[in-house]
Structure formats: C-alpha cells, structure tokens
Amino acid sequence: MTKRAYNFNAGPAALPLEVLRRAQEEFVEYQGIGMSIMEISHRSAQYEKLNEDTQSLLKELFSIPDGYKTLFLQGGASTQFAMIPMNFLKAGQTAYYVHTGAWASKAIKEAKLIGETAIAASSEADNFTRIPDLSGLQLGDHAAYLHITSNETIGGAQFVQYPDTGSVPLIGDMSSDILCRPVDVSKFAMIYAGAQKNLGPSGVTVVILREDLLQDTPKGIPTMLRYDTHTKGNSLYNTPPVYSVYMVNLVLQWIKENGGVAAMEKRNREKTSLIYQAIDQSGGFYRGVVQPEYRSLMNITFRMENEELEKKFVKESEQHGFVGLKGHRDVGGLRASTYNAVPFEACEALASFMADFQKRNG
Ligand SMILES: *Cc1c(COP(=O)(O)O)cnc(C)c1O
C-alpha cells in the first residue's frame, strides 16, 4: 500500500491519485508507441493529437465559447504579468488593476515597467480580507484592460462576482481557482493560469484568449513574448512542455469522469465548509482571516491566538500526516489549500484534527 499524505500544499499541489496511477502506467510506454510521451517529437501525430485533445477538453469542461484560443505556454503565470501589458497596453492607454493582495501586486509591478497603470479598486485598507466592491467601477476612456486576480492564493480572498467592464477587456489571473467552479468565460477577454495549483504539474501555463485581442500587437515585442506567435503556431512555435501538457490532459479527463466543473464546485463547497465550520464553531480558538462572503474555496486562511500556538499546530499536524498547513511566509498564520484534487476525506480528517487540537489546547 502506498502511503499518501493529507496534502494541503498551496502549489505545486496535490494531484488526483488516479491521475498519478495512470501516468505511472503510461510512463515507460505511451499508448503503444514503444517509448514515453517525453521521447517523441512535438511535431509527431501523437503529440499533435494530445495538444488538440487537451484544448478541446478544456473548451468543453470550462464552456469556452467559440472565438477563443487556448494556449500552452511556459514561464509560469509570472511571465503573463509582463506579457499582458507588453501585448495589450499601448501608448496613450492606461491598464487598470484591481488590487486584492500579493499576486495582484506582482501583476501591477510588471505592468508599471511597461506603461501607464491605475488601481481601479483596492482592498488594501482592509488588509486584503475582502474583494473590493466593483459595482460603481469607473474606467477611463483610454482603458487598455482591467486585470483581476480571481483568487488570492496567499491571502485567501476569492471573487464572488466578476465585474462588468463593457467594451474594456477583462483579464483574469485564475492560477489558483480555474475549474473550481463554472465561470461565464464570455465575460473575459483573457484568462490565464499556471497549472501547478488546480490543473496539473508546474511547467505549463494555460492561456485562454479572445482572438480579437490579437489585432495590431506592437511590432517591437520579441517573438516568444507575443501571443500571436503562439496562436499562429497552435502552441507549437517552439518545443512545448510536453509532459506537463500530458498531465493537464489527464487531470481534465479526471474532472470529466468526476462529473465536470459543476460537480467540482459542489464537492469543493462540501470540503471547505467542513473546515470553515471547524473555524466558526471554535468560539474564537481559530479565526478566519477573510470576511465570510469572500472566503476562498481553494485557500482557507486562518489564525490562532499567538504564533506559538500556530507553530505547535503545524508541528502536530505534521505528526498526524498533514502537509502544507503553514501560512505563506509573507503573511504568517495557517493555510489549507483545498484544490480540486484534495480528497473530501483529507478535509474531514483536518476538521477532526482541528477539533481535537482545540480540545487539547483550548
Ligand atoms: C502561484 C500563482 C502565480 C504565480 O505562478 P507561477 O506559475 O509560479 O509564475 C500567479 N498568480 C496566482 C494567483 C498564483 O496563485
């Protein structure tokens, strides 16, 4: 019997056991080709099929409308922070950002290197414990786009509703919550996500973008940093991260076999409510960081009375087979990441460990 930890890592994060087993089976010989998928040309019929199948599976599961292209790029979501303003922020325009925490801040930092930026709304005054109200959103006439971070992986706040930006392109960093729930993709001009939280292993970044965004990309942008290079090349301009795309394909198949994205949401709500309940019913022993309305389905952040007790919690949790419950080093506290692949049983075990720890230390 393989011993699997209760994995609450924030990223890279848990992968479904079924996916790992399937990858293991196909590792040495992929579908009768006499070698692994890593050992063949990315121009081979087998890889071209995998590239196409992965795109169509994502289109089906995420209900991506016609008129969008799906790309498999490298460089992580962090490279997107720069590519977005390089490709879409032109002279005389302003790029608008919603500031919701650590990841939004990194996206803003890169855009500032490229051109004019403005903060459309911020929850900094509330210590990023909520998503700012965007109902009265005002974007100037020369808005290039509005960028949001749909789920702040470190702080633990998640958008409930996406803003209506009219004709201004809405761009979403969904690195840590893509496919955790159904989304109206048509609201977005572009969605991107590093794979290593909710889609697969690191090494590939999924970009979904509306084709009309690609008109008149500025000429001076290097080839690899242009979206139109990769749309024209169907993500095969240069060697793609073959194995990572293969793993994303297996994860997408797993989501489909498990009822699709709506079923993921239902299960994620059941999973997280176990842990949020453990927090809310603790009489203040555990304290949720984020205001209840904006609590994430993917990253549950909470604190205890003092850091001493938090340290003890982490240490004992490790002795009980839990991994990854320490909060991000920038914010401290505790965090349980409950991505799609984290089993219900792991969340059940955590909720009961939390109650037990409170009994012994409360
Ligand atoms: C992890 C993360 C990133 C950075 O992803 P990389 O692939 O490591 O560059 C960006 N945005 C969000 C919301 C994340 O969770």
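So, how was this worked out
- Residues numbered from 1 in each chain as written.
- Predicted model: local features only at pLDDT ≥ 70, side-chain atom pairs only at ≥ 80, totals over all residues.
- Heavy atoms only, no water.
- Axes fitted to C-alpha atoms, helices over the stretch in contact; angles between N-to-C directions.
- Helix = DSSP H or I, 4+ residues; strand = E, 2+ residues; numbered from the N terminus.
- Parallel < 35°, antiparallel > 145°, perpendicular 65-115°, else oblique.
- Left-handed = near helix turned anticlockwise from the far one by under 90°.
- Contact = heavy atoms within 4.5 Å.
- Nonpolar A, V, L, I, M, F, W, Y, C, P; charged D, E, K, R; others polar.
- UniProt positions renumbered as here; feature names shortened; annotations may be inferred.
- Phe/Tyr/Trp six-rings, centres within 6.5 Å; stacked < 30°, edge-to-face > 60°.
- Buried < 20%, exposed > 50% of the residue type's maximum accessible area, 1.4 Å probe, protein only.
- Pairing = 2+ DSSP bridges.
- Expected span 1.5 Å × (residues − 1).
- Polar contact = N/O pair within 3.5 Å; in protein donor to acceptor, adjacent residues only side chain to side chain.
- Core = buried A, V, L, I, M, F, W, Y, C linked by side-chain atoms within 4.5 Å.
- Domains from an automatic or database assignment.
- Near = heavy atom within 4 Å.
- Areas by Shrake-Rupley, 256 points an atom, 1.4 Å probe, with all protein chains shown as cover.
- Arc of directions from axis to C-beta.

J.: So what exactly am I meant to see when it comes to the packing of helix α8 (residues 307-319) against helix α9 (residues 344-361) here?
T.: Packed helices, taken two at a time, are described by their axes: the angle between them and the distance between them. At their nearest, the axes of α8 and α9 sit 11 Å apart, and the two run at 130° to each other. In terms of their interaxial angle, α8 and α9 are classed as oblique. For the pair α8 and α9, the sense of crossing is right-handed. Each of Leu309, Lys312, Phe313, Glu316 and Ser317 in α8 lies in contact with α9, whose residues at this interface are Phe353, Met354, Phe357, Arg360 and Asn361. Each residue belonging to the contact of α8 with α9 can be placed in one class, and the counts come to five nonpolar, two polar and three charged.

J.: What should I look at first to understand the UniProt feature "domain: Aminotransferase class V" (unreviewed entry) in the protein chain in this one?
T.: In this numbering, the UniProt entry assigns the feature "domain: Aminotransferase class V" (unreviewed entry) to residues 6-318. Annotated as 35% helix and 16% strand, the span residues 6-318 places its first and last C-alpha atoms 9 Å apart.

J.: How do you make sense of the packing of aromatic side chains when you look at a structure like this?
T.: Describing an aromatic ring pair means giving the distance of the ring centres and the angle of the ring planes. Throughout the structure, instances matching the rule amount to 20 aromatic pairs. On the basis of an interplanar angle of 5° and a centroid distance of 5.3 Å, the ring pair of Phe88 and Tyr227 is categorised as stacked. Pair noted here: Phe88 is in helix α3 (residues 76-88) and Tyr227 is in helix α5 (residues 227-232), with a separation of 139 residues, a long-range link. Given the relative accessible area of 7%, Phe88 is considered buried.

J.: Got a minute to help me understand the sheet that holds strand β7 (residues 190-194) in this structure?
T.: Note on sheets: strands pair through backbone hydrogen bonds, and any given pair is parallel or antiparallel. Reading across the sheet, the seven strands line up as β2-β8-β7-β6-β5-β3-β4 and stay open at both edges, with mixed pairing between neighbours. This sheet does not close on itself; its edge strands, each paired only once, are β2 (68-73) and β4 (116-122). The mean inter-strand angle of the sheet, taken between neighbouring strand axes irrespective of direction, is 20°. Taken together, the three bridges between strand β6 (residues 170-173) and β7 define a ladder with parallel strand orientation. Residue pairing in the sheet places Gly172 in a bridge with Ile191 of β7. Where α3 meets the sheet, its contacts fall on β2, β3 (94-99), β5 (143-149), β6, β7 and β8 (205-210), and the angle it forms with β7 comes to roughly 155°. Across the sheet, helix α4 (residues 102-114) touches β3, β4 and β5, and the angle it forms with β3 is around 165°.

J.: What is the right way to look at α8 in this model?
T.: An α-helix turns once every 3.6 residues. As a result, residues three or four positions apart point the same way. Its 13 residues place the ends of α8 19 Å apart at the C-alpha level, agreeing with the 18 Å of an ideal helix rising 1.5 Å per residue. For α8, the complete set of buried residues consists of Leu309, Glu310, Phe313, Val314, Glu316 and Ser317. Its buried side turned inward, α8 meets β10 (299-303), β11 (322-323), β12 (334-337) and α9. The opening residue of α8 is Asn306, an N-cap whose side-chain oxygen sits 3.1 Å from the backbone nitrogen of Glu308. Downstream of α8 by one or two residues, Gly321 has phi in the positive range, about 95°.

J.: Explain the environment of Leu113 to me, please; I cannot follow it from the model alone.
T.: Structurally, Leu113 is set in helix α4. Linking Leu113 and Phe322, residues 209 residues apart in sequence, is a C-alpha distance of 41 Å.

J.: Can you walk me through the nonpolar core in this structure?
T.: The nonpolar side chains of a soluble globular protein tend to be buried, and buried together. Among the nonpolar cores identified, the biggest contains 59 residues, and Phe62, Ile178, Leu179 and Ile208 are the most heavily contacted of them. Looking at this core element by element, the count peaks at ten residues for helix α6 (residues 242-257). Shared between two domains, this core takes at least three residues from each, and those domains are domain 1 (18-257) and domain 2 (260-361). With near-sequence residues (within four places) excluded, Ile208 lies in contact with Leu58, Phe62, Ile64, Tyr68, Lys69, Thr70, Ile178, Ala189, Met190 and Ile191.

J.: Honestly, the site of the ligand in this entry has me stumped. Any pointers?
T.: Taken together, 13 residues lie near the ligand, and Ser78, Thr153, Asp173, Gln196 and Lys197 sit nearest. One of the side-chain N or O atoms of Lys197 is found 2.8 Å from an oxygen atom in the ligand. Summarising the interface, the protein chains cover 87% of the accessible area of the ligand, which totals 380 Å² for the free molecule. Looking at which element gives the most residues to the shell around the ligand, the answer is α3, with four residues. For the shell around the ligand, the per-class residue count stands at three nonpolar, eight polar and two charged.

J.: Just checking my understanding: could you explain α4 for this structure?
T.: Within the sequence span of α4, burial applies to Trp103, Ala104, Ala107, Ile108 and Ala111. Viewed end-on, α4 has its buried residues packed into an arc of 135°, placing them on one side of the element. Within α4, the exposed residues directed more than 90 degrees away from the buried face are Lys109, Lys112 and Leu113. Each element contacted by the buried residues of α4 is listed here: α3, β3, β4 and β5.

J.: Explain the UniProt feature "binding site: pyridoxal 5'-phosphate" (unreviewed entry) in the protein chain here, please?
T.: Per the UniProt entry, the sites bearing "binding site: pyridoxal 5'-phosphate" (unreviewed entry) are Ala77, Ser78, Trp103, Thr153, Asp173, Gln196, Asn238 and Thr239 in this numbering. An extended arrangement is adopted by the annotated residues: their sequence extent is 163 residues, and the largest C-alpha distance between any two is 30.6 Å. In this fold, Asp173 is placed in strand β6. We classify Asp173 as buried; its relative accessible area is 4%. Beyond its immediate stretch of four places on either side in the chain, Asp173 contacts Phe81, His147, Ile148, Thr149, Ser150, Asn151 and Tyr192. Residue position: Gln196 is located in the loop between β7 and β8. Filtering out sequence-adjacent residues up to four positions away, Gln196 remains in contact with Gly11, Pro12, Ala13, Pro201 and Ser202.

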